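Each chain, letter by letter, is given below.
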Amino acid sequence: ININNLYNKLSYFVINEEVKEDNSNIFDTFEREFGRTLSPMEYQIINGWLNDKMSEEIVVLALKEATYNGVSNLRYIDKILYEWKKKGLNSKEDVENDRIKFQQKKVEKKELFDYDWLNETE
């Protein structure tokens with residue numbers, strides 16, 4: 001038995017299992033949120049996001065956003081990720097700052113259009 005060959009095979013197995021375990025966490029999260037097992041196509045789509053240099057943190061945030069809106073659909077999550085990427089949002093902090101800006105704009109618009117026309121005294 002060649003010890004070096006055995007060591008290389010064992011190292012390869014351990015490294016691949018670590019990678020598989022890291023990715024399986026995100027898949028487990030999706031399955032838990034969807035309440036079902038993912039299809040092979042869904043696995044490929046999620047892997048595509050990760051291979052497209054999107055962090056697991058961002059993908060999970062998009063999943064939470066979709067779940068919050070009552071949607072358990074990868075197309076919806078893909079659209080969220082697309083919009084975030086288009087805006088340059090690459091981290092949890094970026095997304096939170098964007099939400100704060102959005103809320104501030106909503107408040108500004110509400111103040112602008114919150115006029116009582118019925119009780120006007122002119």
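All residue numbers refer to position in the chain's written sequence, counted from 1. Residues qualify for local features only when their pLDDT is at least 70, as the model is predicted, and side-chain atom pairs are given and counted only at 80 or more; totals for whole chains, interfaces and linings, by contrast, use all residues. Side-chain metrics rest on all non-hydrogen atoms present in the structure, leaving aside hydrogens and water.

## Here's the deal with the confidence of the model for the protein chain
Applied cut-off: Within a predicted model, pLDDT stands for the predictor's per-residue confidence, ranging from 0 to 100. For this analysis, residues touch if any pair of their heavy atoms sits within 4.5 Å.
Averaged over all residues, the pLDDT of the protein chain is 80; the fraction at 70 or higher stands at 71%. Low pLDDT, under 50, characterises residues 10–21; the stretch is placed with zero contacts to residues that sit more than four places away or in other chains.

## Quick word on helix α4 (residues 74–87)
Short version of the rule: Only runs of H or I of at least four residues qualify as helices and only runs of E of at least two qualify as strands under DSSP, and these elements are numbered from the N terminus. Residue count minus one, scaled by 1.5 Å, sets the expected span of a helix. For each residue, the accessible area found with a 1.4 Å probe, counting protein chains only, is set against the maximum for its type, and the residue is called buried under 20%, exposed over 50%, and partly exposed in between. Each direction from the helix axis to a C-beta atom contributes to the arc, which is the arc of those directions. Identification of polar contacts relies on pairs of N or O atoms within 3.5 Å, with a donor-acceptor requirement for protein atoms, meaning one able to donate a hydrogen and the other able to accept it, and with residues adjacent in sequence counted only if both atoms are side-chain atoms.
Taking 1.5 Å per residue as the helical rise, α4 with its 14 residues ought to reach 20 Å, and the 20 Å between its terminal C-alpha atoms agrees with that figure. Of all the residues in α4, the buried ones are L74, I77, I80, L81 and W84. Taken around the axis of α4, the buried residues stretch over an arc of 115 degrees, which confines them to a single face. The outward face of α4, more than 90 degrees from its buried face, is lined by the exposed residues R75, K86 and K87. The backbone nitrogen of R75 has a side-chain oxygen 2.6 Å away, supplied by the residue at the start of α4, namely N73.

## What to know about unusual backbone geometry
In the Ramachandran plot, K53 falls in the positive-phi region, its phi being about 65 degrees despite a non-glycine side chain. Structurally, the position occupied by K53 is in the loop between α2 (40–51) and α3 (56–68). The exposure class assigned to K53 is exposed, which follows from its relative accessible area of 76%.

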